[in-house]
Amino acid sequence: MRRRPGIGGLQTAAAARDQYRLVGENVAKIRTDMMKEQLATFRTQLEEFARKHKNDIRKNPAFRSQFHEMCAKVGVDPLASNKGFWAELLGIGDFYYELGVQIVEICLATRPHNGGLINLQELCILLRQRKSDREAVSEDDCLRAISKLKVLGSGFEVISVGKKKLVRSVPTELNKDHNEILELAQAQGFVTVEEVERRFSWTSGRAIDALDTLLDEGLAMIDDGHRDGKRRYWFPCVSSNSTPVADT
Amino acid sequence: MATNSLPKADLTSSGRPVFLQNEIECSILSSVDLECDDIPNFPLLKSGLLVLTTHRLLWLPDNSSSSSSSSAAAVALPLSFLTHIFSTKKSVKTLFHSPRVRFQASLDSSKSVVMTVVMRGKGDTDAFLAKFWENWRARAWENDVQTQTQAGVGSSSVSGSGPGSGSGGFYTREGAVRMVGVSGILRKEQEMWESTDKSLQEAFQDLNALMSKAKEMVILAEKMRQKLLSGSNSKSSATNDDEVGSKEEMQDWLLSVGIVSPVTKESAGALYHQQLSRQLADYVRIPLERAGGMINLIDVYCLFNRARGTELISPDDLLRACSLWEKFDVPVMLRKFDSGVMVIQNKSHSDEEVFARIKALVTNPDTLRTGISASDAAMTLGIAPGMAKEHLLTAESKGLLCRDISPDGFRFYINLFPEINTDDVYLVKDYGIYNTWVRVASASRLE
């Protein structure tokens, strides 16, 4: 564009720039919209192919790797078997295995927030979100899928806290929650459920589960006799009479 | 000196071949000899594994059977060197011989040599030959160069595409006329979208169409991804950006750990579990490092399956692959706790190392007197109390510690009995832990 001198020239230039910007923004908006639309088509198509042609895809290694790449790039879950009649009846087929992988994945992804303890209902809701428009996954399906993982040890289990069902994906051996509680208990020698929840902002199930495990391990003792009526968990092992151990 | 002109092949620490970019494993046969009479001093390549990929033919020494002298190094023959594959003649003679495949390859420009693959194993020779032909004809190595240049163009166009920058040549074809002006840009955008729509439609007609257009679609997917990622970073934050963002995060996580060439029952046949085990050992290193040297087996099940894409393995297969590690020289091991929990851990994370730390912990003057509880150990070693208790109990069963049960709970002390001379129980040497303990104990009594 040729520059013209004077205030008028500047104003015209500014107006023209505004116009261009407006058009540019419009185009950009349309572009993102179109993009999202095409991406959506891409996704549904890929999902359908993953479901329909699973065996054919697996027969051709070179194509399979390209298919995986596509799925990964546009965010499609390549595990998409239908439940089907036989899976429902006998539990055979890939459906429950695939569901198992998806369940563990959700547990892994939410672990930073919930410490490896997730409400079964919440798990189902998250699963349904990812499974888009296809058949709903029931809590019973989840339980069946989890039971298929039993072969790999008892590190993944469904526990009941009150009326709620929780899925625990961190085994006691690897659970760092207990260390935090022990550290908290060092101050007074005991903790209460409320105190733990307040200090770490955990959900009630998480605190109760951790304290129960510590009870089972013989590290904690219960005291219900206090005046405020709150159950106290005493930790004799960390109480002040034992010498704190210096770091080696 | 062209004695051994076959290129060496790199192997991972667990003995799996290191693949090139875009190279995919198609078939594995065991007990295969590779012979070549045309090259003097050709190394003795006897009863190894033969791996056929889209790019190369690899021969690896089979170190799972300890009897074979695995002195020969792994070699690789790029399929691009092949000049001819001889068809096998069926005759009475071949019935009594191990099946063999002969082919001609030119190792350097001047001369070509004939090599023979002798299959002494039980593998399906015909299927292998068919795949061999197929991969040689597909010439996958030629596509690599193309893909790279295309990808380069794609990324550069993405990086330079601010709103209205005009160069947004999303799927620009060579022949596209460059139009000037705003209307030109708009029209070009329009054309671009139409062509993308069309190619999407074409590609997803049926499986064959998708196969033939696969590479194009992969590039398209990458472009969309890049575009969306850059879009969500910039100001145009739409309402459902959060959703897109979270999905993006998730797939980033998956992408970072992908296995391009998963071992499958079909490619590995009878060697399935053995090869799976090796691949798992290679794969698990990074997640293990992130998890701090010990990871739940179920977590690995999820991560490994995710990395394999559609090639789901069952929990039983995973367990079998892990239990095979005992036989191979791999840096990881499966560990079962009494509670039934199974984890994978580094061998360096082994009991010996933990015992050394526990011993250091229980032999300082304070703990000699008071002993340690599981929670003390947990806090000092930085592990979960359940784990610490497990370690202490193991150390006790090894004779390193003794326990004391009191109202304070379980406490563990160093086991002094090995130091006490049974002939003279009152003799205290003027060194050692027993001596330190006596001094500490008498000092505390004086207090």
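Structural data are supplied above this passage.
Rules used throughout
- Residues numbered from 1 in each chain as written.
- Chains lettered and ligands numbered in written order.
- Predicted model: local features only at pLDDT ≥ 70, side-chain atom pairs only at ≥ 80, totals over all residues.
- Heavy atoms only, no water.
- Helix = DSSP H or I, 4+ residues; strand = E, 2+ residues; numbered from the N terminus.
- Buried < 20%, exposed > 50% of the residue type's maximum accessible area, 1.4 Å probe, protein only.
- Contact = heavy atoms within 4.5 Å.
- Areas by Shrake-Rupley, 256 points an atom, 1.4 Å probe, with all protein chains shown as cover.
- Buried area = accessible area lost by both parts, 1.4 Å probe.
- Salt bridge = Lys/Arg side-chain N within 4 Å of Asp/Glu carboxyl O.
- Polar contact = N/O pair within 3.5 Å; in protein donor to acceptor, adjacent residues only side chain to side chain.
- Nonpolar A, V, L, I, M, F, W, Y, C, P; charged D, E, K, R; others polar.

Re the overall build of chain B
Next up, step 1: Assigned secondary structure in chain B consists of 16 helices and 12 strands.
Next up, step 2: Across the 447 residues of chain B, 47% fall into the buried class.
Next up, step 3: In chain B, the proportion of contacts linking residues at least 24 apart, taken out of those at least 6 apart, comes to 55%.
Next up, step 4: Total accessible area on chain B stands at roughly 22,300 Å², and carbon and sulfur atoms take up 53% of it.

Here's the deal with the interface of chain B and chain A
Next up, step 1: Contact with chain B, which involves 100 residues of that partner, is made by 85 residues of chain A.
Next up, step 2: Of the roughly 8,100 Å² buried between chain B and chain A on both sides combined, carbon and sulfur atoms contribute 68%.
Next up, step 3: Inspection of the chain B/chain A interface yields 3 salt bridges.
Next up, step 4: In this structure, the salt-bridge partner of Arg306(B) is Glu105(A), at a minimum N-O distance of 2.8 Å.
Next up, step 5: Scanning the region where chain B abuts chain A turns up 8 residue pairs in polar contact (both at pLDDT 80 or more).
Next up, step 6: Among the residues making up the side of chain B that touches chain A, the classes are represented as 53 nonpolar, 24 polar and 23 charged.

Considerations on the environment of Ala9(B)
Residue and element names in this part refer to chain B.
Next up, step 1: Of note, Ala9 is situated in the segment before strand 1 (25–36).
Next up, step 2: The class of Ala9 is buried, set by a relative accessible area of 10%.
Next up, step 3: C-alpha of Ala9 to C-alpha of Leu60: the two residues are 51 residues apart in sequence and 8.3 Å apart in space.
Next up, step 4: Those residues in contact with Ala9 that sit more than four places away from it in its chain are Leu58, Ala74, Val75 and Ala76.

Topic: the pattern of salt bridges
Residue and element names in this part refer to chain B.
Next up, step 1: Here the structure, examined in full by the defined rule, presents 18 salt bridges over all chains.
Next up, step 2: For the salt bridge of Arg16 with Glu25, the shortest nitrogen-to-oxygen distance reads 3.0 Å.
Next up, step 3: Judged by relative accessible area, Arg16 falls into the buried class, the value being 2%.
Next up, step 4: Using a relative accessible area of 1% as the deciding quantity, one classes Glu25 as buried.
Next up, step 5: Shared partners join several salt bridges into a network, and the residues in it are Asp33, Glu35, Lys46 and Arg120.

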